[in-house]
Amino acid sequence: MTWTRRHILTLADFTSDEYDTVLQTAASFREVLGRRTKKVPALQGQVVANLFFEPSTRTRNSFELAAKRLSADTLNFTPGSSSLTKGETILDTAKTYLAMGTDLMVIRHEQAGVPSTIASEMDRLGSRVSVLNAGDGQHEHPSQGLLDLFTICSLLDTERPRLELLAGKKIAVVGDILHSRVARSNIWSLTASGAEVHLAGPPTLLPLLFAECGDGREGKLFLHWQLEPALADADFVMTLRLQKERMSDHLLPSLREYHSLYGITRDRLKLCKPDVKVLHPGPVNRGVEISSDLMDDAQFSLISQQVTSGVAVRMALLYLIGGGKV
Ligand SMILES: N[C@@H](CC(=O)O)C(=O)O
Ligand SMILES: NC(=O)OP(=O)(O)O
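What you see is a predicted model, and the numbers here were worked out from it, not measured in a lab.

K.L.:
How would you explain the sheet that holds strand 8 (residues 236–239) if you had to name every residue and give the values?
P.N.:
Note: strands within a sheet are paired through backbone hydrogen bonds, in either parallel or antiparallel orientation. Spatially, five strands are ordered 7-6-5-8-9 in an open sheet, and the strand pairing comes out parallel. The open sheet terminates on both sides in strands that have one partner only, identified here as strand 7 (221–224) and strand 9 (277–279). Averaged over neighbouring strand pairs, the angle between their axes works out to 20° when direction is ignored. Bridge count for strand 5 (residues 170–174) against strand 8 is four bridges, and the pairing is parallel. In the sheet register, Ile171 faces strand 8, and the bridge partner there is Phe236.

Okay, here's the thing in structure tokens:
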């Protein structure tokens, strides 16, 4: 698939070449971000609208910064102070941004499928707008999956981060798999790389339907209701926040019990490879999914690097889709 003017709604359809293109482009932009000026004229004259119908700190600000570093003009939308409060629909909101000349729409919504619906409407209207899914309900968070991939691959080879570096690595993904769009996007990218992906969480948050990808990747995806087999000899541990905002029932007895069974601590990391690294997409609930001291321990934690990677990876996505020229 060509990059220019495509939508990025899921990682399910990404090819190995496409992952590598994002990784290499992000590595170039990381180099740009290390310079004094940090800015390139790649998307001059283009408009990037951040339409976040759900809260965000990292994704929204790093997309905005990425767009600014590429010299695009940015528009930010805040639902509470928008005309949504006067009854305007989501689609009419998107069409309003289209009418103002938006080229790229970055969309987050609590309902799965909203970015895809807006993308279809933009296509139906014959516009050339590209939609980037910045997290839709419990479906997907593609740019997070890509920045996690970039963070891990950059650790393995800073100069040439690429997918093949992950082949044979063991990655444990721990926590609220059921409600996590981050887990879903990461399952696509990590299994595509040839890594062994071990999902671990309580039975209420790790349903058996995850057992099959249906496209031949089954041999790379493993499920555990206990933490220990997932952590055993793991190279990377990705821990996830309990998505309380998406839980309608009482799925856990208590946060304290959850931490005692599934919380990632220094002690538990002894089960992993000695040079294991820990990731978390953020925001973190300290002392629940990860112990506070481990979160701050630079020997193990890649959490700050993930945030830093987010800017370069989102620059890469906007640049590739926006058809940018450096
Ligand atoms: N920030 C990520 C992860 C999380 O909120 O736990 C998301 O929006 O999906
Ligand atoms: N990781 C992530 O998406 O963070 P925000 O919810 O703060 O954007």
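K.L.:
I'd love a proper account of unusual backbone geometry, names of residues and values included.
P.N.:
Of the consecutive residues Gly282 and Pro283, the connecting peptide bond is found in the cis state with omega at 0°. Counting through the fold element by element, Pro283 comes out in the loop between strand 9 and helix 10 (292–295). Its identity as a non-glycine residue notwithstanding, Ser71 has a phi of 70°, on the positive side. Along the polypeptide, Ser71 turns up in the loop between helix 2 (58–69) and strand 2 (73–77). Of note in this structure, Asp233 is not a glycine but carries a positive phi near 60°. In this structure, Asp233 sits in the loop between helix 7 (227–231) and strand 8. Accessibility expressed as a relative area gives 48% for Asp233, which makes it partly exposed.

K.L.:
So what's going on with the UniProt feature "domain: Aspartate/ornithine carbamoyltransferase carbamoyl-P binding" (unreviewed entry) in the chain? Which residues, and what values?
P.N.:
Mapped onto this numbering, the UniProt entry annotates "domain: Aspartate/ornithine carbamoyltransferase carbamoyl-P binding" (unreviewed entry) at residues 6–152. Overall, residues 6–152 shows 42% helix and 16% strand. The separation of its end C-alpha atoms is 26 Å.

K.L.:
Can you tell me about the state of the cysteines, naming the residues and giving the values?
P.N.:
Under the criterion given, the structure shown has zero disulfides. Not part of a disulfide, Cys272 finds its nearest cysteine sulfur in Cys153, a span of 19 Å.

K.L.:
Could you give me a rundown of the environment of Ile290, with the residues and numbers involved?
P.N.:
Locating Ile290 in the fold gives a position in the loop between strand 9 and helix 10. When the C-alpha atoms of Ile290 and Arg181 are compared, they prove to be 19 Å apart, with 109 residues separating the residues in sequence. Those residues in contact with Ile290 that sit more than four places away from it in its chain are Thr239, His259, Ile264, Val278, His280, Val284, Asn285, Met295 and Ile303.

K.L.:
Give a detailed account of the pairing of strand 8, specifying residues and quantitative values.
P.N.:
By the alternation rule, side chains of strand 8 split into Phe236 and Met238 and Val237 and Thr239, which are all buried. As judged from the three bridges shared by strand 8 and strand 9, these two strands associate in the parallel manner. Its bridge partner lying in strand 9, Phe236 is registered against Lys277.

K.L.:
Tell me what's going on with the site of ligand 1, and back it up with residues and numbers.
P.N.:
Taken together, Arg108, His141, Arg181, Val182, Arg241, Gln243, Gly282 and Pro283 make up the full set of residues near ligand 1. Contacts to ligand 1 include Gln243, whose side-chain N or O atom sits 2.7 Å from an oxygen atom. Note that a nitrogen atom of ligand 1 is positioned 2.9 Å from one of the backbone N or O atoms of Gly282. Protein coverage of the free-state accessible area of ligand 1, which is 260 Å², stands at 92%. Among the residues forming the shell around ligand 1, the class breakdown is two nonpolar, three polar and three charged.

K.L.:
Help me get a handle on the pattern of salt bridges, residues and values and all.
P.N.:
Taken as a whole and assessed by the stated rule, the structure comprises 17 salt bridges. We note a salt bridge from Glu245 to Arg241, for which the minimum N-O separation is 2.7 Å. Judged by relative accessible area, which is 47%, Glu245 ranks as partly exposed. On the accessibility criterion, Arg241 (17% relative accessible area) is buried. Between Arg286 and Asp296 there is a salt bridge; the shortest N-O distance is 2.9 Å. One end of the pair, Arg286, is in the loop between strand 9 and helix 10; the other, Asp296, is in the loop between helix 10 and helix 11 (303–322), with 10 residues separating them in the sequence. Each of Glu54, Arg181, Arg241, Glu245 and Arg246 takes part in salt bridges that share partners, so that together they form one network.

Reading guide: rules and limits
- Residues numbered from 1 in each chain as written.
- Chains lettered and ligands numbered in written order.
- Predicted model: local features only at pLDDT ≥ 70, side-chain atom pairs only at ≥ 80, totals over all residues.
- Heavy atoms only, no water.
- Pairing = 2+ DSSP bridges.
- Helix = DSSP H or I, 4+ residues; strand = E, 2+ residues; numbered from the N terminus.
- Axes fitted to C-alpha atoms, helices over the stretch in contact; angles between N-to-C directions.
- Buried < 20%, exposed > 50% of the residue type's maximum accessible area, 1.4 Å probe, protein only.
- UniProt positions renumbered as here; feature names shortened; annotations may be inferred.
- Disulfide = S-S within 2.5 Å.
- Contact = heavy atoms within 4.5 Å.
- Near = heavy atom within 4 Å.
- Polar contact = N/O pair within 3.5 Å; in protein donor to acceptor, adjacent residues only side chain to side chain.
- Areas by Shrake-Rupley, 256 points an atom, 1.4 Å probe, with all protein chains shown as cover.
- Nonpolar A, V, L, I, M, F, W, Y, C, P; charged D, E, K, R; others polar.
- Salt bridge = Lys/Arg side-chain N within 4 Å of Asp/Glu carboxyl O.

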